[in-house]
Amino acid sequence: MLRLAALLFLAVPAFAATADAGVRPRVAVLYFDASPTDPDLTAFTKGLAALLITDFTANPGLRVLERERLEDALKELDLGETKYADKSTFAKMGKVLGVEYLVIGNLVCLGKSQCRIVSRVVSYPQLDEVASAKVLLDPADVFAAEEQLVADLSKKLLSLGSIASFEPPAKRNHKLPLSTGVKYARALDAKDKKDPATQKKLLTEVVREQPEFKLAQLDLLSLRD
């Protein structure tokens with residue numbers, strides 16, 4: 001009987017084990033892939049990562065790496081603007097970042113109104129897919145899709161026992177058009193390239209277009225003398 005119990009225990013995948021109450025797995029949100037023929041969509045992936053990180057961080061069951069740590073890892077691995085959609089690169093990223101999970105995905109738009117986000121969570125070092133979700137992206141409000149994606153992925157991790165708790169991201173009472181989100185993402189890129197003048201210019205435009213966008217407000221305040 002003891003031998004049978006041991007065999008059954010070994011047969012259960014590690015990621016499906018019930019999470020201990022005090023354990024909070026470390027998670028990194030990588031930049032999603034997007035069509036190289038759409039420069040706005042490609043640019044927005046950096047802004048999308050910032051939004052996802054913010055909402056995943058609000059979940060007490062997770063420890064989420066800051067976007068700046070991802071930038072450091074990309075430089076350390078000398079990936080630059082290279083797409084990293086293969087397991088060997090995921091393995092390198094997981095090792096450098098020191099995480100248990102990587103959030104990856106694709107951002108696709110077919111025309112101006114037909115967009116979707118497809119995302120997966122893969123475990124490290126196994127590189128097994130442990131959760132996935134697909135949401136429609138309304139170009140008039142990227143917040144709705146992003147919040148839904150975080151909620152769907154978190155619920156699946158909770159159901160697997162990969163995280164011990166889950167709180168849905170707070171609903172924002174304002175919208176963020178994709179065009180403004182792209183501008184915010186370009187401001188983040190300017191920050192990464194040590195170009196504060198361009199960063200400030202873009203953030204000023206973003207806040208003017210959406211005064212309630214807190215992330216942009218905080219980033220702009222950090223640039224003021």
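One can find the structure itself at the top, above this paragraph.
A quick note: this is a predicted structure, and the numbers were derived from the prediction, not measured.

The next point concerns the state of the cysteines. Tallied over the full model, the rule gives one disulfide. With its sulfur 2.0 Å from that of its partner, C109 forms a disulfide with C115. On the sign convention where negative is left-handed, the bridge of C109 and C115, at about 110° about the S-S bond, is right-handed.

Attention now moves to the side chain of H174. Following the sequence through the fold, H174 ends up in the loop between α5 (142–160) and α6 (178–192). Of the residues examined, H174 reaches a relative accessible area of 13% and is grouped as buried. A distance of 3.3 Å separates a polar atom in the side chain of H174 from a polar atom in the side chain of N173. Side-chain polar atoms of H174 contact the backbone oxygen of E212, separated by 3.2 Å. Excluding its chain neighbours within four sequence positions, the residues that come into contact with H174 are D141, F143, Q210, E212 and F213.

Moving on: the packing of aromatic side chains. Taken as a whole and judged by the stated rule, the model has two aromatic pairs. With a centroid separation of 5.7 Å and an interplanar angle of 75°, the aromatic rings of F143 and F213 are classed as edge-to-face. With F143 in helix α5 and F213 in the loop between α7 (196–209) and α8 (214–221), this residue pair connects regions lying 70 residues apart in the sequence. Residue classification places F213 among the buried residues on the basis of a relative accessible area of 2%. Connected via pairs of aromatic rings, a cluster forms that spans F143, Y184 and F213. The side chain of R172 reaches across the aromatic face of F143, ending 4.3 Å from its centre.

Over its 19 residues, helix α2 (residues 39–57) extends 28 Å from the first C-alpha to the last, a length consistent with the 27 Å expected when each residue adds 1.5 Å. The largest bend in α2 is about 30°, located at T45. Within α2, 14 of the 19 residues are buried, which leaves it mostly tucked inside the rest of the structure.

A separate point is the pairing of strand β5 (residues 115–123). Where strand β4 (residues 101–109) meets β5, nine bridges bridge the pair, whose relative direction is antiparallel. Within β5, the position partnered with V108 by the bridge is R116. Here eight bridges tie β5 to strand β6 (residues 129–137), and the two strands are oriented antiparallel to one another. For V121, the partnering residue across the bridge sits in β6 and is A131. Between β5 and β6, which pair antiparallel and follow one another directly, the connecting turn spans five residues, one of which, L127, has a positive phi of 60°.

Procedures and definitions
- Counting of residues starts from 1 at the beginning of each chain's written sequence and follows it residue by residue.
- Per-residue local features of the predicted model are confined to residues with pLDDT of at least 70, and side-chain atom pairs are confined, for both listing and counting, to 80 or more; whole-chain, interface and lining totals are unaffected and use all residues.
- To obtain the side-chain values, all non-hydrogen atoms of the structure were included, while hydrogens and water were left out.
- Sulfur atoms of two cysteines make up a disulfide when they are within 2.5 Å.
- In DSSP terms, a helix is any run of H or I states spanning at least four residues, a strand is any run of E spanning at least two, and both are numbered starting from the N terminus.
- Note on exposure labels: buried denotes an accessible area under 20% of the residue type's maximum, exposed denotes more than 50%, and partly exposed covers the range between, all computed with a 1.4 Å probe on protein chains only.
- For this analysis, a polar contact is any N or O atom pair within 3.5 Å, provided that within protein one partner can donate a hydrogen and the other can accept it, and provided that sequence-adjacent residues contribute only side-chain to side-chain pairs.
- Should any heavy atoms of two residues lie within 4.5 Å, those residues are considered in contact.
- Side-chain rings of Phe, Tyr and Trp, where Trp is taken by its six-membered ring, are said to pair if the distance between their centres is within 6.5 Å; with planes under 30 degrees apart they count as stacked, over 60 as edge-to-face, and otherwise as tilted.
- Note on criteria: charge over ring means Lys NZ or Arg CZ within 6 Å of the ring centre, with the direction from the centre no more than 35 degrees off the ring normal.
- What a helix should span is 1.5 Å times the count of its residues minus one.
- Note on bend: at a given residue it equals the angle between the axes fitted to the 7 residues ending there and to the 7 starting there.
- Two strands qualify as a pair provided DSSP detects at least 2 bridges between them.

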